[in-house]
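# Breakdown of the fold
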Amino acid sequence: MPRKEHPKSGQVTAHYSGLLPQKGWPGRNYKFFRHRIVPGMFSKRGGLEQDPVLTVPENGCVRVTWIGHASFLLQFADHSVMVDPNWARWHGFVKRLREPGLPLKAIPELDLVAVSHAHFDHLHKPSLKVLQSRGGIIVPRGSGNLVRRLGFPAVHEVKVWDHFEYNSLNVVHTPSHHWGARYLHDIHRDYGGYLIESGGKSVFHCGDSAWFDGFAEIGRRLPNIDVALMPIGAYDAPSGRDVHLNPEEAVRAFAEIGAKVMIPMHYGTFPLGNEPIGEPVERLLMEADRLGISEKILIPEEGVGIEW
């Protein structure tokens, strides 16, 4: 699809992946159900819940805790943020393969909750209903109606490149190559990622994305990113559509963004692609080793915070 540009600035915005499956999708879907979905239904969930660390990080530090899938708790010295919270046990017939890293009811009141797009594995209403947030919830334009009855004191809808501030917590909504429909008919909903900054530390949550040239612009417009949370799984989509980064593309995007360290996400929790469950991390580590940047790749256990 041609690159979309802002009508005034000429700057790259989000890319729309399209909804139509590519040729060969019946065979890919058969493989997906037979080799990913059915075995997952009868397997025991791995992983263990951890007790959350509730102490405040030191000034100039951020604690990043992976819950699983694309869910992260970000704890700065003066603020806390939850991105894409999802404690679902199932998404339809797709079973969660690993326990959430932290107990949902143990999450303290947050300053802000951020959701990258309206897909069910990112905007999970039952999880959102439990969380408490002083500053409310931030969502892409078009998704506000999905969260207004979930108990948040405020709902903030943002467009790509919008800046949002809450008590010195700064958020920028960044573009991606994906799509935002919760159902097939509501393709009006936006999608993307977030740059979240507080106390001199910044974390980039990519959201869902395939490769596109917008990563270079993110790096130009948002320099000195400390931690990049990059998706590495579900790249062998049963639909055949270009919707997710593979591990090598994730490393390339990480380099384009210019972040200091990378933490992978969107793998191992829900079987959403035809690739073997352990392949994303294996390919990620091989590519990082090939490029000589292994020390920049941090792979956390669910529920164990990494301070940077």
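Note that the structure is a prediction, hence the values are computed from the model and not measured. (Residues numbered from 1 in each chain as written. Predicted model: local features only at pLDDT ≥ 70, side-chain atom pairs only at ≥ 80, totals over all residues. Heavy atoms only, no water.)

### Quick notes on the packing of aromatic side chains
Within this structure, the stated rule accounts for four aromatic pairs. Ring geometry for Trp211 and Phe215: centres 5.4 Å apart, planes at 35 degrees, overall tilted. Accessibility assignment for this pair places Trp211 and Phe215 in one class, buried. Both rings, one in Phe212 and one in Phe215, keep their centres 5.1 Å apart while their planes meet at 70 degrees; by these two values the pair is edge-to-face. What makes Phe212 buried here is its relative accessible area of 2%. Among the aromatic residues, those joined into a cluster by ring pairs are Trp211, Phe212 and Phe215. When the ring centre of Phe120 is taken as origin, the NZ or CZ atom of Arg182, which lies over that ring, is 3.9 Å away. Positioned over the ring face of Trp179 is Arg241, at 4.0 Å from the centre of the ring. (Phe/Tyr/Trp six-rings, centres within 6.5 Å; stacked < 30°, edge-to-face > 60°. Buried < 20%, exposed > 50% of the residue type's maximum accessible area, 1.4 Å probe, protein only. Lys NZ or Arg CZ within 6 Å of the ring centre and 35° of its normal.)

### What about helix H5 (residues 247-257)?
Residues Pro247, Ala250, Val251, Ala253, Phe254 and Ile257 constitute the buried set of H5. Along the long axis of H5, the arc covered by the buried residues comes to 160 degrees, so they all point the same way. Lining the buried residues of H5 we find strand E14 (201-205), helix H4 (214-221), strand E15 (227-231), strand E16 (261-265) and helix H6 (279-291). The N-cap residue of H5 is Asn246: its side-chain oxygen and the backbone nitrogen of Glu248 are 3.1 Å apart. Count one or two residues on from H5 and you reach Gly258, which has phi positive near 80 degrees. (Helix = DSSP H or I, 4+ residues; strand = E, 2+ residues; numbered from the N terminus. Arc of directions from axis to C-beta. Contact = heavy atoms within 4.5 Å. Polar contact = N/O pair within 3.5 Å; in protein donor to acceptor, adjacent residues only side chain to side chain.)

### Points about the sheet that holds strand E7 (residues 112-114)
Taken in spatial order, the seven strands of this open sheet run E9-E8-E7-E4-E3-E2-E17, and their pairing is mixed. Two strands close off the open sheet at either side, each with one partner strand: strand E9 (155-158) and strand E17 (306-307). Relative to E9, strand E8 (residues 137-140) is paired through four bridges, and the arrangement is parallel. Each bridged residue has a counterpart across the sheet, and for Val139 the counterpart in E9 is Glu157. (Pairing = 2+ DSSP bridges.)

### A closer look at the UniProt feature "domain: Metallo-beta-lactamase" (unreviewed entry) in the protein
Here, UniProt's "domain: Metallo-beta-lactamase" (unreviewed entry) annotation points to residues 80-267. Between the end C-alpha atoms of residues 80-267 the distance is 24 Å, and the span holds 15% helix and 28% strand. (UniProt positions renumbered as here; feature names shortened; annotations may be inferred.)

### Digging into the sheet that holds strand E11 (residues 169-174)
Strand-to-strand pairing in sheets goes through backbone hydrogen bonds, with the strands running parallel or antiparallel. In space, the six strands of this open sheet follow the order E10-E11-E13-E14-E15-E16, with mixed pairing throughout. Two strands bound the open sheet, and with one partner strand each, they are strand E10 (163-166) and E16. On average, each strand axis in the sheet is tilted by 20 degrees relative to the strand beside it, whichever way the strands run. The pairing of E10 with E11 spans four bridges and is classified as antiparallel. (Axes fitted to C-alpha atoms, helices over the stretch in contact; angles between N-to-C directions.)

### As for the environment of His124
If you trace the backbone, His124 turns up in the loop between E7 and helix H2 (125-130). For His124, a relative accessible area of 12% gives the class buried. Spatially, the C-alpha atom of His124 lies 6.9 Å from that of Pro85, the residues being 39 residues apart in sequence. The residues contacting His124, other than those within four sequence positions of it, are Pro85, Asn86, Trp87, Ala88 and His91. Of note is the side chain of His124, whose polar atom sits 2.7 Å from the side chain of Ser127.

### Quick word on the environment of Val113
Here Val113 shows up in strand E7. Taking C-alpha positions, Val113 is 9.4 Å from Leu73, a pair spaced 40 residues apart along the chain. Sequence-distant contacts of Val113, defined by excluding residues within four places in its chain, comprise Met82, Pro85, Leu128, Leu131, Ser133, Gly136, Ile137, Ile138 and Phe152.

### Some points on the pattern of salt bridges
In a structure, side chains of opposite charge can pair up when their charged atoms sit close to one another. A complete count under the given rule lists 15 salt bridges for this structure. Residue Asp190 is joined to Arg141 by a salt bridge in which the shortest nitrogen-to-oxygen separation is 3.0 Å. One end of the pair, Asp190, is in the loop between strand E12 (177-178) and strand E13 (193-198); the other, Arg141, is in the loop between E8 and helix H3 (144-147), and 49 residues separate them in sequence. The exposure class of Asp190 is buried, given its relative accessible area of 15%. Between Glu248 and Arg283 there is a salt bridge, and its shortest N-O distance comes to 2.6 Å. Within this pair, whereas Glu248 is found in helix H5, its partner Arg283 is found in helix H6, the two being separated by 35 residues in sequence. In this structure Glu248 comes out as partly exposed when scored by relative accessible area, which is 25%. (Salt bridge = Lys/Arg side-chain N within 4 Å of Asp/Glu carboxyl O.)

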